[in-house]
Structure formats: structure tokens, C-alpha cells
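Architecture at a glance
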Amino acid sequence: MAAPLPARSRFVVVGGGIAGVTCAERLATEFPSEDILLVTASPVIKAVTNFKQVSKTLVEFDVEEQPSTMLEKRYPNIKVIESGVKQLKSQEHKIFTEDGKQCIYEKLCLCAGAKPKLIFEGNPYVLGIRDTDSAQAFQNHLAKAKRIAVVGNGGIALELVYEIEGCEVIWAIKDKAIGNTFFDAGAAEFLIPKLTAEKLETAIACKRTKYTTEGSEKEEGSVAAADKLGTALGPDWHEGLHLKGTKEFSHKVHIEKLCEIKKIYLQQEFRQLQKTSLSFPKDNSDNQNAHPDEELWPVYMELTNGKIYGCDFIVSATGVVPNVKPFLDGNNFALGEDGGLKVDKHMHSSVADIYAAGDICTASWEPSQVWQQMRLWTQARQMGWYAAKCIVADFLGETIDMDFSFELFAHVTKFFNYKVVLLGKYNAQGLDLDHELMLRCTKGQEYVKVVMQNGRMMGAVLIGETDLEETFENLILNQMDLSAYGEDLLNPNVDIEDYFD
Ligand SMILES: Cc1cc2nc3c(=O)[nH]c(=O)nc-3n(C[C@H](O)[C@H](O)[C@H](O)COP(=O)(O)OP(=O)(O)OC[C@H]3O[C@@H](n4cnc5c(N)ncnc54)[C@H](O)[C@@H]3O)c2cc1C
Ligand SMILES: NC(=O)C1=CN([C@@H]2O[C@H](COP(=O)(O)OP(=O)(O)OC[C@H]3O[C@@H](n4cnc5c(N)ncnc54)[C@H](OP(=O)(O)O)[C@@H]3O)[C@@H](O)[C@H]2O)C=CC1
């Protein structure tokens, strides 16, 4: 039985994802005699388990989806309220929940995450993947599919095109090379053979993630998920799913580069246009003799390069938009260009006594020269933790320095079954043109790229088991002049660690 919302609570956190839960846990530890209220729209919370500090800034942890009672058990002074916040009156320091209750806060931390930024939102054949419900819905539709389209070139698209088996995938990307949010063209080239190879290997050991995926079917035909506010998936979200279509092959990915979707047609509309307009293009797959029997598809996408592909449904893996809507009305929040709540170096929003952390916020402080915000699991945890520290300091009237985790961008993940480590300005983001790249690549084994500027290391991409992450992390952090080492920096016969220890 869910607890009722109290009329007032000194500390209120909104959102049961990694940012909100980490923030609430930290507040609960700092103020053991205070009740910490966690108000969340989802029936489960996300907890970080088996946290391991791998190096100064690189961390590893497992993520578990848990019932909120488990959090309350671990932290008896955390009270979880299972209800969405529908309104905020910041002048009155009050939140209002969907079930008609209200609560006065002293300090509020908004951690309501983000939702998929869907193209052609509302089209019943376009779906996004965010939480366990939408992932389950995707799996169910994939099980009946022969061909799907994936649009977008970031994290989700990269994972999908590799994981999906038994279903043809048309992957439409705006760029020249795959994975633009994580990789440059060189790294993309290194990864591509994995897309055409049969998947014989078993997955490399990965962080365990426990998800419950209860069924969530909707009306017949439509594939789009209901507009619910679940917690975002994260590392290894696809591990528990069966991402298989109706066919027997493993990978069959066709990449359409430098294009976007111009228009989507439902089957009837498409056939009508073909009949009435002689100049109307044909389904491109027929042109390629991929489906000479003129297969009929539920939906067709017309690309900006003029090609048309029919498919069972389209996955829009086109980024996220912060969940700010319920909090804006009547409150004077400054928003970032990406629509997030702007936060300063103390995670404080532009509204008094309101903090924000995780996917909902836009970091608006002057960042370290080798850090940038990306809406990632790791940063949601760091921000939630640091926001709580800032709330404590504010409450006690203490000053606080920026947390060390924001000194260097560091992300460990896995793409195409390779370990991937990204450090600093790994894609030379925002650097002047005078930067240089150094590369080392062994096909099928490792890809190492470092970004250098004025003899200093500014960033690195490490794909495979390179074992270089700690050394490079140190080199980026200490900004040592490495000019004297020249190309030896990446010479595999030189034990680079000995140089710098
Ligand atoms: C498919 C997928 C794969 C991903 N893979 C990775 C990965 O491998 N590595 C990585 O680092 N990151 C990954 N991410 C990104 C990562 O999951 C997010 O950056 C991170 O989970 C954000 O955490 P958060 O706490 O800010 O938001 P969320 O996890 O979205 O949590 C938001 C919480 O707020 C609640 N909420 C929303 N609105 C309201 C409201 N009005 N009132 C009350 N509660 C509300 C929601 O119910 C939810 O509990 C992935 C994301 C997706 C979608
Ligand atoms: N392993 C990991 O670390 C993973 C992390 N994630 C995270 O989860 C979140 C959601 O993932 P995802 O949806 O892939 O978001 P990402 O931000 O990673 O990628 C979005 C992609 O969609 C492209 N795009 C945007 N708008 C359009 C459009 N209208 N038409 C075509 N392409 C478009 C973007 O191009 P452009 O950049 O040019 O705008 C970009 O390539 C992200 O924060 C991501 O970092 C997800 C999966 C795995």
C-alpha cells in the first residue's frame, strides 16, 4: 500500500531514476533524522548496485530495477510516493500530484529524466525506446516483423542494429558514418565489419542489469508506446530481451547514409499514390530486387535522398527531450537550448530552492575544458549525488567546490560487443582546428584514437581491451606536455605506462 503524500517535507526529490534515487539516498545519509520524500511516476525505482571506482573518474556499476519498498528498507527515512507531479507552484514552494494531493517543500530536486524525441510523433507505426514498457512493446512487435527501419545514429540505434536478429533492418542516418554521437568515421569503419559478420561469439562479460518486463500491449496494429513516464533503460537493457524477428538470418542491415525521413505513408495511402501518380517512386527494396514479389508493407518511409522503403514499423532513435513540462507553468525556469532546466555549478536551477539533476537538466556552468554533458547513466548518478551534496551545503550554510567527477568526461560502454571507453573531448568537440589525431588500429581487435592539442592530450576513444584507459585518463587530467614522445605515445612496443608512472 503506497504511503500518502505528507502535507510538508523539508527535502523532496521528484523522479525514481538513477539521478533521483542517488540524490535521495545521499540526502537520507546526510540527514538521518529527516524524512526524505521521493515522488515518482513509475512503480519501480532504479538502484545503483556493486558500485566500483575503476580509476579516478571511470566507474562501473550494476543497475537494478527494484520495488520502492526495497529502497525504503535500505533507507528507513526515505518515503517513496508513487504518483506523478502534475504541477509546481514555486512561489508557494508546493508540488501537486496526479492523485490530487499537495506538499510544501523547503528544498526540491527535480530528476524527472527525459523522453524520446520522436520523429513523426503520433504516427502509430513510429516507436521510441525509453523504459521497460516501451522495450517490451518493441520486442513484441519485432517478433512479428520481417523488416524494420531504424532512424537516428546515436546510442540506441547502434545497439539495435547490432542486437536485432532475424529481421532486415534499414538504417537511415543523417551522417556519412555510423554512430556520430560516439565515433568519428575511423572508428565507424573499424566497427562496420561486425555488422555483416555472423554473430557467433557470446557477449563479453557485462554489467548485470535486472529489469522486469511486464507485457504492455495496446490496440491492434499500432506499435507506438503509451505516453507513460517510466525510468530510462541503461547499460545492457537488451540483455533480458529476445530481439528476434521472423527470419532465420542473424544480421541483415542496409545503411542509407546522409538522409532523413521526409514523409511516412501508410500502406493504403502509398498504394493509392502509386496508382494515381506515375512519377511517384516505387518501394526501393523492389528496385533492388530484395522483394521481387512486391511485398506489401504496413508503412513506407520516403527518404530525403528520394528512396522509399516499406517496413513493418519504424524505430525513432533520435535523442531525448527533458521532461520539464509539468514544472514550467507559472515558474520562471531558464531553459537550455536542448530544453533542459538550466543548472549552475551547484546544480541549482534558476528558481529559488529548486535543484535539478540527470537527463532533465542542462549543465550551464563553465565546464572544465575536457568535460561535456551527455545524457548518460553515469552522469545521472554523478549529478544526483552532487546535487544532494549541494543541497546539504546550502541548507547548512556551507560552501562547496565542484565535484571532481566533472573534471573529465569519462564513459565506459559496449558497442558491437567491444568495450568502448570515451575520455574528454574524444571527438575533438569544440576544439580549435589546430588539434591533431593519432591513431592505432588492429582490425577486429582494437582501435585507439587520441586527440592532441598543443602537445597535450585532450581526449581519447579506446575500443577493445586496450588497457590504456587509466594512463590516458591521467595524461588528460594532468595536461602534461607530451610533444617529446611524438608517435611513441601509441607505439604498442613501448610500454607507455612506464613512461609516466
Ligand atoms: C534504451 C536506452 C539505453 C541506454 N543505454 C545507456 C548506456 O548504456 N549507458 C548510459 O550511460 N546511459 C544509457 N542510457 C541513458 C540513461 O538511461 C539515462 O541517461 C539515465 O537513466 C537518466 O537517468 P535520470 O534519473 O535522469 O532519468 P530517468 O531514468 O528517465 O528517470 C526519471 C524518473 O522520473 C519519473 N518522472 C518523470 N516525470 C515525472 C513527474 N512528472 N512526476 C514524478 N515523477 C516523474 C520517471 O517515472 C522516472 O522514475 C540509455 C537510455 C536508453 C533509453
Ligand atoms: N551505450 C550507451 O552509452 C548508450 C547511451 N544511450 C543514451 O540514451 C539516450 C537516447 O539515445 P538515442 O535516442 O540514441 O540518442 P542520441 O542522442 O545518442 O542519438 C540521437 C541520434 O539521432 C539523430 N537525429 C536527431 N534528430 C534526427 C532526425 N530528425 N532525423 C534523423 N536523425 C536524427 C542525431 O543526430 P545529431 O547528433 O546530428 O543530432 C543522433 O545521431 C542518449 O542520451 C544516449 O546517449 C543510449 C543507448 C546506449
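Within any chain, residue numbers begin from 1 and follow the written order of that chain's sequence. Written order determines the labels here, with chains lettered from A and ligands numbered from 1. Confidence filtering applies because this is a predicted model: local features only for residues at pLDDT of at least 70, side-chain atom pairs given and counted only at 80 or more, and all residues used for totals across whole chains, interfaces and linings. Based on all heavy atoms of the structure, the side-chain values leave hydrogens and waters out of the count.

Let's talk about the pattern of salt bridges
When charged atoms on two side chains of opposite charge get close, those side chains can pair. As a reminder, the rule being used: Only one rule defines a salt bridge in this text: a Lys or Arg side-chain nitrogen within 4 Å of an Asp or Glu carboxyl oxygen. By the criteria applied, helices consist of DSSP H or I runs no shorter than four residues and strands consist of E runs no shorter than two, each listed in order from the N terminus. Any residue under 20% of the maximum accessible area for its type is buried, any over 50% is exposed, and the rest in between are partly exposed; the area is computed with a 1.4 Å probe on protein chains only.
The final tally for this structure, using the stated rule, is 19 salt bridges. For Lys-449, the salt bridge identified is with Asp-184, shortest N-O distance 2.9 Å. Highlighted residues: Lys-449 in strand β26 (residues 446–453) and Asp-184 in the loop between β12 (168–172) and α5 (185–191), separated in sequence by 265 residues. Summarising the burial analysis for this pair, Lys-449 and Asp-184 share the class buried. Through salt bridges with shared partners, a single ionic network connects Arg-10, Glu-34 and Glu-106.

Structural notes on the site of ligand 2
For clarity, the threshold we go by: Any residue with a heavy atom positioned within 4 Å of a molecule or strand is treated as near that molecule or strand. Polar contact is the term for a pair of N or O atoms within 3.5 Å; when the atoms are in protein, one must be able to donate a hydrogen and the other to accept it, and sequence-neighboring residues count only if both atoms are side-chain atoms. In this classification, Asp, Glu, Lys and Arg are treated as charged, Ala, Val, Leu, Ile, Met, Phe, Trp, Tyr, Cys and Pro as nonpolar, and every other residue, Gly included, as polar.
Inspection of the region around ligand 2 gives 23 residues, with Ile-156, Asn-180, Arg-375, His-411 and Thr-413 positioned closest. One nitrogen or oxygen atom from the side chain of Lys-174 is found 3.3 Å from an oxygen atom belonging to ligand 2. Taking Asn-180, its side chain carries an N or O atom lying 2.7 Å from an oxygen atom of ligand 2. Of all the secondary structure elements, the ones that give two or more residues to the shell around ligand 2 are α4 (155–163) and β23 (410–415). Looking at the shell around ligand 2 residue by residue, the class counts come to 8 nonpolar, 10 polar and 5 charged.

Structural notes on the sheet that holds strand β16 (residues 299–303)
What counts is decided by this rule: Strands are treated as partners if at least two bridges between them are detected by DSSP. Axis lines are fitted to C-alpha atoms, over the contacting stretch for helices. Their N-to-C directions set the angle, which ranges from 0 to 180 degrees. Working rule for contacts: check all heavy atoms of both residues, and any pair within 4.5 Å makes them a contact.
Strand order in the open sheet formed by 3 strands is β15-β16-β17, with antiparallel pairing between adjacent strands. A strand with exactly one partner marks an edge of an open sheet, and here the two such strands are β15 (261–266) and β17 (308–311). Averaged over all pairs of adjacent strands, the angle between their axes in this sheet comes to 25°, without regard to strand direction. Taken together, the 5 bridges between β15 and β16 define a ladder with antiparallel strand orientation. Its bridge partner lying in β16, Ile-264 is registered against Met-301. Contacting β15, β16 and β17, helix α7 (residues 267–276) runs over the sheet at an angle of about 100° to β15.

Considering the sheet that holds strand β24 (residues 418–424)
If you trace the 5 strands from one edge of the open sheet to the other, you get β23-β24-β27-β26-β25, paired in antiparallel fashion. Because the sheet does not close on itself, it has two edges, and the strands there are β23 and β25 (436–442). Each adjacent strand pair in this sheet contributes to an overall mean axis angle of 15°, direction not counted. Sheet topology note: the β24/strand β27 (residues 456–463) ladder contains 5 bridges and is antiparallel. Across the sheet, residue Val-420 finds its bridge partner in β27, namely Ile-463.

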